[in-house]
Amino acid sequence: MDTGQELGGTIPRARVEGDAPRLEPMLDLEWSRAIELPQAAMTAATPSELRRAWVHRAPQDSVLALFRASAGMAGQIPAPWWLRAMADGKLDSREQGFRVEDRIAQLLGPRPGWEFVPWAADGESGYWEFMPSERGKSGHAIPTTVMNTDRHPGWIDVLPAHTGRTPDPIPVAGLAGLRSRLGVFEAVR
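Within each chain, residue numbers correspond to sequence positions counted from 1 in written order. Totals for whole chains, interfaces and linings use every residue, but because this is a predicted model, local features are given only for residues with pLDDT of at least 70 and side-chain atom pairs only at 80 or more, for both listing and counting. To get the side-chain values, all heavy atoms of the structure are used, and hydrogens and water are removed first.

**Student:** So what exactly am I meant to see when it comes to the sheet that holds strand β5 (residues 170-172) here?
**Tutor:** Whether parallel or antiparallel, the strands of a sheet pair through hydrogen bonds between backbone atoms. Strand pairing follows a simple DSSP-based rule, namely that at least 2 bridges must link the two strands. Per the convention used, a helix needs a DSSP run of H or I reaching at least four residues, while a strand needs a run of E reaching at least two, with both numbered from the N terminus. Pairing is antiparallel across the open sheet formed by 5 strands, whose spatial order is β1-β2-β3-β4-β5. Only two strands of the sheet have a single neighbouring strand rather than two, namely β1 (114-117) and β5. Shown here is a sheet whose adjacent strand axes are inclined to one another by a mean of 25 degrees, direction ignored. Where strand β3 (residues 144-148) and strand β4 (residues 156-159) come together, 4 bridges link them in antiparallel fashion. Residue T145 lies in a different strand from β4, and its bridge partner there is L159. In what follows, a contact means two residues having at least one pair of non-hydrogen atoms within 4.5 Å. Note on definitions: angles span 0 to 180 degrees between N-to-C directions of axes, and those axes are lines fitted to C-alpha atoms, for helices only across the stretch in contact. Sheet contacts for helix α6 (residues 94-108): β1, β2 (127-130), β3 and β4; angle to β3, the most-contacted strand, approximately 155 degrees. The strands touched by helix α7 (residues 174-186) are β1, β2, β3, β4 and β5; relative to β5, the strand with the most contacts, the crossing angle is about 135 degrees.

So this is what it looks like as structure tokens:
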């Protein structure tokens, strides 16, 4: 009869309290949780109502440190435009970024035809669409879109209404530039 005693050396010993596996958080998972918004944020009507993630509430130094550590490991990662601008030294604080977003909301929110879209790409701050430019007389499938960017110091890009291939965004020189060109952007219907 085989008792299996010769296998005794291959059976792992029981764990003791001191040798439990040590788990360390993965940066990409930690970053994903840092930008995650609660489900209720998807009904936000303005950027300020969308600011519910850890990156919006945690100490700014902690947010910047985690962003830099995560970006260093994985290359480009999803993040709000203002955080990318801060990391590049182009913006001093997230409050400055929030102010840019809020001023756009104050300008576009009361104007007929503009709607805030909170479900932008992961980590982004939402964008504004001019609904009359979609499926109007011009027949465009995609409406004129105003979004924030870290590409230039005006912080605002406008994506013209279009069908088919996405055109290059139009850089706008800040809120004053947006205000002065709104008539042109709203003329496409």
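**Student:** Just to check I follow, could you spell out the environment of P143 for this structure?
**Tutor:** Within the fold, P143 resides in the loop between β2 and β3. Residues P143 and R189 lie 46 residues apart in sequence; the distance between their C-alpha atoms is 8.9 Å. Those residues in contact with P143 that lie beyond four places of it in its chain are E129, F130, S133, E134, L159, P160 and A161.

**Student:** Even after reading the chapter, I still don't get α7, so can you show me in this structure?
**Tutor:** Quick reminder: α-helices carry 3.6 residues per turn. Residues three or four places apart thus point the same way. Here α7 is 13 residues long and its end C-alpha atoms lie 17 Å apart, about the 18 Å a rise of 1.5 Å per residue gives. The largest bend along α7 reaches roughly 45 degrees and is located at S180. If you check which residues of α7 are buried, you get G174, G177, L178, L182, F185 and E186. The inward-facing, buried residues of α7 contact α6, β1, β2, β3, β4 and β5. In this analysis, the expected span of each helix is defined as 1.5 Å times one less than the number of residues it contains. Note on bend: at a given residue it equals the angle between the axes fitted to the 7 residues ending there and to the 7 starting there. Only protein chains enter the accessibility calculation, which uses a 1.4 Å probe. A residue is then buried if its area is under 20% of the maximum for its type, exposed if over 50%, and partly exposed in between.

**Student:** Looking at this model, I keep getting lost on the side chain of E101. Mind explaining?
**Tutor:** Tracing the chain through its elements places E101 in helix α6. Residue class for E101 comes out buried when judged on its relative accessible area of 2%. Among the polar contacts made by the side chain of E101, one reaches the side chain of W81 at a distance of 2.8 Å. Pairing of N or O atoms within 3.5 Å defines a polar contact, subject to two protein rules: one partner must be a possible hydrogen donor and the other a possible acceptor, and residues neighboring in sequence count only if both atoms are side-chain atoms.

**Student:** Just to check I follow, could you spell out the environment of Q106 for this structure?
**Tutor:** Its place among the elements puts Q106 in helix α6. A relative accessible area of 60% means that Q106 is categorised as exposed. For the pair Q106 and T46, spaced 60 residues apart in sequence, the C-alpha separation works out to 9.2 Å.

**Student:** Help me understand empty space enclosed by the protein, please; the structure alone is not making it clear to me.
**Tutor:** Empty pockets left among the atoms are what a rolling probe the size of a water molecule brings to light. The definitions used throughout rest on a 1 Å grid laid over the protein atoms alone, on which a cavity is an enclosed set of points accommodating a 1.4 Å probe that cannot get out and a pocket is an open set flanked by protein within 12 Å on both sides along at least five of seven lines; lining residues are those having an atom within 4 Å of a point. Grid points are joined across faces, edges and corners, and a volume is the space filled by probe spheres set on the points. What the rule picks out here adds up to 2 cavities of 30 Å³ or more. Reported here for the largest cavity is a volume of approximately 80 Å³. Among the secondary structure elements, those contributing two or more residues to the lining of the largest cavity are α2 (47-50) and α3 (54-57). Three residue categories are used. Nonpolar comprises Ala, Val, Leu, Ile, Met, Phe, Trp, Tyr, Cys and Pro, charged comprises Asp, Glu, Lys and Arg, and polar comprises the others, including Gly. Class assignment for the residues of the lining of the largest cavity results in 7 nonpolar, 3 polar and 3 charged. If you add up the space inside the second largest cavity, you get close to 40 Å³.

**Student:** Teacher, can you tell me more about the pattern of salt bridges here?
**Tutor:** Close approach of charged atoms allows side chains with opposite charge to pair. What counts as a salt bridge is simple: a side-chain nitrogen of Lys or Arg found within 4 Å of a carboxyl oxygen of Asp or Glu. Following the criterion strictly, the structure yields 7 salt bridges and no others. R84 is the salt-bridge partner of E124, the closest N and O atoms lying 2.8 Å from each other. Here E124, found in the loop between β1 and β2, pairs with R84, found in helix α5 (residues 81-87); they are 40 residues apart in sequence, far enough to count as distant. Of the residues examined, R84 reaches a relative accessible area of 15% and is grouped as buried. E186 is the partner of R111 in a salt bridge, and the nearest nitrogen-oxygen pair spans 2.8 Å. Here R111, found in the loop between α6 and β1, pairs with E186, found in helix α7; they are 75 residues apart in sequence, far enough to count as distant. What you see here is one network of salt bridges that share partners, running through R51, E101 and D102.

Function-wise, these values are silent; they only describe arrangement.
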